[in-house]
Amino acid sequence: GSGGQTGFMASMSICSRGNDQARLLSQGICGLMMTEMDVHTVVCQGCLGVGPAVRVTGVSGPVVTGIGGRPSKEALGLIYGAVNEELRAKMQTSLLIGLGGEGMNENQIDDGDWLIRGILEVTPNGGFVLGAGISEGQALRFHVRDKDSAE
């Protein structure tokens, strides 16, 4: 584990102070310090992959400029044109991008192994701003929010 970390969360709590008896509090704050432990967080994004997994073929800083050998906007258009109406509607309101880890083969990544990122911005030339840490050759797949996938 690492050094002591302290976390606070506002809620109704049962707290005690020193040798006082425990009591129910509805205001103030209550803290809990946990030391010498590792915390592993699991988050289920509730995302459904859309279209094939491909490779990032163009990057300029935080911007994906090429996907699968095509300009990013063109690659998205091809996928959008190939899916059903239900997925098109989801793509219009909740489009996300999943990235594979460094060196991962896009054909061997399971549905739950994608690092999901929101598209922060679309550049005037159709690139997708995703933030730092994107590299050419990295596996990529478009995703949409999907409550059934969270189960």
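Residues numbered from 1 in each chain as written. Predicted model: local features only at pLDDT ≥ 70, side-chain atom pairs only at ≥ 80, totals over all residues. Heavy atoms only, no water.

Caption draft 1: Focus on the overall build of the protein chain. Looking only at helices and strands, the protein chain has 2 helices and 12 strands in total. Helices (α) and strands (β) of the protein chain occur, in sequence order from the N terminus, as β-β-β-β-β-β-β-α-α-β-β-β-β-β. Expressed as a percentage of contacts within the protein chain between residues at least 6 apart in sequence, the contacts between residues at least 24 apart total 63%. Accessible area for the protein chain stands at about 10,100 Å²; split by element, carbon and sulfur atoms hold 51% of it. (Helix = DSSP H or I, 4+ residues; strand = E, 2+ residues; numbered from the N terminus. Contact = heavy atoms within 4.5 Å. Areas by Shrake-Rupley, 256 points an atom, 1.4 Å probe, with all protein chains shown as cover.)

Caption draft 2: Representation of the nonpolar core. The biggest cluster of nonpolar side chains holds 20 residues, and the ones touching the most others in it are Val50, Ile67, Met91, Leu140 and Phe142. Put simply, the parts of the chain that give this core at least two residues each are β5 (47-60), β6 (63-67), α1 (72-82), α2 (85-94), β8 (95-99) and β12 (139-145). In contact with Met91, not counting residues within four places along its chain, are Val50, Leu76, Ile79, Tyr80, Val83 and Val144. Within the second largest apolar cluster, 7 residues are counted, among which are Ala53, Ile109, Trp114 and Ile116. (Core = buried A, V, L, I, M, F, W, Y, C linked by side-chain atoms within 4.5 Å. Buried < 20%, exposed > 50% of the residue type's maximum accessible area, 1.4 Å probe, protein only.)

Caption draft 3: Structural context of the pairing of β5. Bridging between β5 and β12 involves 6 bridges; their strand directions are antiparallel. From the neighbouring strand, Arg55 faces β12, where its bridge partner is Ala139. Both β5 and β6 contribute to a ladder of 4 bridges, which runs antiparallel. The residue of β6 that forms the bridge with Ser60 is Val63. Following β5, the chain reverses through 2 residues before pairing antiparallel with β6; Gly61 in that reversal takes a positive phi of roughly 65 degrees. (Pairing = 2+ DSSP bridges.)

Caption draft 4: Inspection of α1 at higher detail. When we look at burial in α1, the residues that qualify are Ser72, Ala75, Leu76 and Ile79. Here the buried residues of α1 occupy an arc of 95 degrees about the axis, which is enough to place them on one side. (Arc of directions from axis to C-beta.)

Caption draft 5: The side chain of Gln138, seen in detail. Along the chain, Gln138 turns up in the loop between β11 (128-129) and β12. Within the local environment of Gln138, its side chain forms a polar contact with the backbone nitrogen of Ser135, the two atoms lying 3.1 Å apart. In this structure, Gln138 is in contact with Val54, Arg55, Val56, Leu99, Gly100, Glu102 and Gly133, ignoring residues within four places of it in sequence. (Polar contact = N/O pair within 3.5 Å; in protein donor to acceptor, adjacent residues only side chain to side chain.)

Caption draft 6: Seen up close, the confidence of the model for the protein chain. Of all residues in the protein chain, 72% attain a pLDDT of 70 or more, and the chain-wide mean is 81. Segment residues 1-13 is flagged for pLDDT under 50; beyond a separation of four residues in sequence, or across chains, it makes 25 contacts in the model. (pLDDT = per-residue confidence, 0-100.)

Caption draft 7: Region of interest: the environment of Ser149. With respect to the helices, strands and loops of the structure, Ser149 is situated in the segment after β12. For Ser149 and Asp111, which are 38 residues apart along the polypeptide, the C-alpha to C-alpha distance reads 9.4 Å.

Caption draft 8: Inspection of the pattern of salt bridges at higher detail. For the structure shown, the criterion picks out 5 salt bridges. Among the ionic pairs, Glu85 bridges to Arg88, the shortest N-O distance being 2.9 Å. Pair noted here: Glu85 and Arg88 are both in helix α2, with a separation of 3 residues, about one helical turn. Lys90 serves as the salt-bridge partner of Glu86, at 3.9 Å between the closest nitrogen and oxygen. (Salt bridge = Lys/Arg side-chain N within 4 Å of Asp/Glu carboxyl O.)

Caption draft 9: Seen up close, the packing of α1 against α2. In contact at an axis separation of 8 Å, α1 and α2 are set at 140 degrees when each is read in the N-to-C sense. Across the interface between the two elements, Leu76, Ile79, Tyr80, Gly81 and Ala82 of α1 pack against Arg88, Met91 and Gln92 of α2. (Axes fitted to C-alpha atoms, helices over the stretch in contact; angles between N-to-C directions.)

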